[in-house]
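Fold and geometry: a report
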Amino acid sequence: TADMLHEVGCRWVLLGHSDRRNILGENDAFIAEKVAKCLMNGLCINLTLGETLEIRNAGKAVETLHRQLAAAAAGVPTDAWGRI
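These lines cover the structure that appears in this document, whether it is placed above or below. (Residues numbered from 1 in each chain as written. Predicted model: local features only at pLDDT ≥ 70, side-chain atom pairs only at ≥ 80, totals over all residues. Heavy atoms only, no water.)

Turning next to the pattern of salt bridges. Counting across every chain of the model gives five salt bridges. Between Glu26 and Arg20 there is a salt bridge, with the nearest N and O atoms lying 2.7 Å from each other. Its relative accessible area of 9% is what places Glu26 among the buried residues. According to the relative accessible area criterion, Arg20 is partly exposed, its value standing at 37%. (Salt bridge = Lys/Arg side-chain N within 4 Å of Asp/Glu carboxyl O. Buried < 20%, exposed > 50% of the residue type's maximum accessible area, 1.4 Å probe, protein only.)

Spelled out as structure tokens, the structure:
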């Protein structure tokens, strides 16, 4: 959990990786929850966004990236952007 990571001295986490999105099924809402929890526990976030080849070939890459970023950003306080 985010508080356990912080407790053991972790400062940064990687969220939104394509493998976790595509293989494990982590969706935008779940990643947004993780973003909020990590920020509340003092962690910094390396937020990754991305699309599959199918989405890119369908011409929906920008739409997908925008959706992913908007979902993650919804719970980020203005003063926390320096930690992402």
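Take helix α3 (residues 28–40) next. Here α3 is 13 residues long and its end C-alpha atoms lie 18 Å apart, about the 18 Å a rise of 1.5 Å per residue gives. All of the buried residues in α3 are Asp28, Ile31, Ala32, Val35, Cys38 and Leu39. What you see down the axis of α3 is that its buried residues fit within an arc of 130°, all on one side. If you follow the buried residues of α3, they end up packed against α1 (2–7), β1 (12–15), α2 (18–22), β2 (44–47) and α5 (61–73). The backbone nitrogen of Ala29 has a side-chain oxygen 3.2 Å away, supplied by the residue at the start of α3, namely Asn27. A positive backbone phi angle near 80° is found at Gly42, which sits one or two residues after α3. (Helix = DSSP H or I, 4+ residues; strand = E, 2+ residues; numbered from the N terminus. Expected span 1.5 Å × (residues − 1). Arc of directions from axis to C-beta. Contact = heavy atoms within 4.5 Å. Polar contact = N/O pair within 3.5 Å; in protein donor to acceptor, adjacent residues only side chain to side chain.)

With respect to the helices, strands and loops of the structure, Asp28 is situated in helix α3. For Asp28, a relative accessible area of 14% corresponds to the buried category. A distance of 2.9 Å separates the side chain of Asp28 from the side chain of Arg21, its partner in a polar contact.

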